[in-house]
Amino acid sequence: MNKAQNFIVLDRRAYKESDALITCYVEGVGILNMIARGANKPTSKYGSLLQPLRMFEGFINVRPGLSLFKTAKLKNRYPDIEASILALAVASFIAKVLANNAMDDAQMISYDTLASYLQSIDDQHALSVGTHFLMRLAQKHGVALYLEGCVICKSKQVSALSLIKGGFLCPAHETMQPAILHDVEFFKQLRCLSKADIHQIHQCGSQTNRTHMGLYVGLLEQIIAIPHKNWKFIQQI
Ligand SMILES: [Zn+2]
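Residues numbered from 1 in each chain as written. Predicted model: local features only at pLDDT ≥ 70, side-chain atom pairs only at ≥ 80, totals over all residues. Heavy atoms only, no water.

A.B. asks: What am I meant to see in a nonpolar patch on the surface here?
C.D. replies: A cluster of nonpolar side chains, namely I85, F233 and I237, defines an oily patch on the protein surface of about 280 Å² accessible area. Along the polypeptide, I237 turns up in the segment after α9 (228-236). Of the residues examined, I237 reaches a relative accessible area of 38% and is grouped as partly exposed. (Patch = residues over 30% accessible without salt bridge, like charges linked within 9 Å, V, L, I, M, F, W, Y side chains within 5 Å. Areas by Shrake-Rupley, 256 points an atom, 1.4 Å probe, with all protein chains shown as cover. Salt bridge = Lys/Arg side-chain N within 4 Å of Asp/Glu carboxyl O. Helix = DSSP H or I, 4+ residues; strand = E, 2+ residues; numbered from the N terminus. Buried < 20%, exposed > 50% of the residue type's maximum accessible area, 1.4 Å probe, protein only.)

Written out as structure tokens, the structure reads:
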């Protein structure tokens, strides 16, 4: 008998007659696809239980290619995510990014990081967590924005942002670049999130908006697969 493993379900699709194809992040292993035999039968106890954005402890026969789900019990269903459409949309976005890029990187973020993000997402802080997640990926792919001051002269007085230059701009330099203009609060929020570790995200308050998150979607869409349907949904809520 092998040991029980913790895993978080990222995605679920119908497969063959009555099976489910489940993408999940297995602690200590990474993201993999597994078949849950019979899970789409109306009588299966896993039909409604084995759903995305839930954490389980169970047994998986990990194999190259498709793994095989055996049994599991629910560990965490993240009630704050279920209680808010925005929270659900952002959590689904994160899950989709991880699932869609798993072929290139099966551990884009650590299992613990994912678990912490899901724990932190609620209606008030969903966009902060979503932005923080994308900031992490930008850092990982070497395209993090410089948010300490003006990216050209390091002046602490910033008034604009340039994706081409890769960071904030001061009033003297904003006119020389194609710059994105926002108010000071917008930039403060961005800087706060960039300095926060996962457990400090809530301390940045709930002022993060879709423009903050969209900045990083734009920055990353040439580098990783962005689930645009999910992103569109977040913008429409
Ligand atoms: Zn400057």
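From this point, the narrative continues.
A.B. asks: For this particular structure, what's the right way to read the domain arrangement of the chain?
C.D. replies: Interface size is commonly expressed as the accessible area that is lost once the parts come together. Domain annotation of the chain identifies domain 1 (5-77) and domain 2 (80-236). Placing the centre of domain 1 and that of domain 2 at their C-alpha centroids yields a distance of 29 Å. Listed per partner, the contact involves 17 residues of domain 1 and 20 residues of domain 2. Roughly 1500 Å² is buried in total at the junction of domain 1 and domain 2, and carbon and sulfur atoms are behind 63% of that figure. Inspection of the region where domain 1 meets domain 2 yields 3 salt bridges. Salt-bridge contacts for E82 lead to R77; the nearest nitrogen and oxygen are separated by 3.4 Å. Secondary-structure elements contributing two or more residues to the side of domain 1 that touches domain 2 are β1 (5-15), β2 (19-26) and β3 (30-36). (Domains from an automatic or database assignment. Contact = heavy atoms within 4.5 Å. Buried area = accessible area lost by both parts, 1.4 Å probe.)

A.B. asks: Before we go on, may I ask you to explain the packing of aromatic side chains in this structure?
C.D. replies: Given two aromatic rings, their pairing is described by the distance between the two centres and the angle made by the two planes. Inspection of the entire model under this criterion finds 8 aromatic pairs. Between Y25 and Y111, the aromatic rings sit 5.6 Å apart at their centres with planes inclined by 75 degrees, giving edge-to-face as the arrangement. Residue Y25 is found in strand β2, and its partner Y111 is found in helix α4 (residues 111-120); the two are separated by 86 residues along the sequence. With respect to class, Y25 is no different from Y111; both count as buried. The residue whose ring lies beneath K154 is Y146, and the NZ or CZ to ring-centre distance is 4.5 Å. (Phe/Tyr/Trp six-rings, centres within 6.5 Å; stacked < 30°, edge-to-face > 60°. Lys NZ or Arg CZ within 6 Å of the ring centre and 35° of its normal.)

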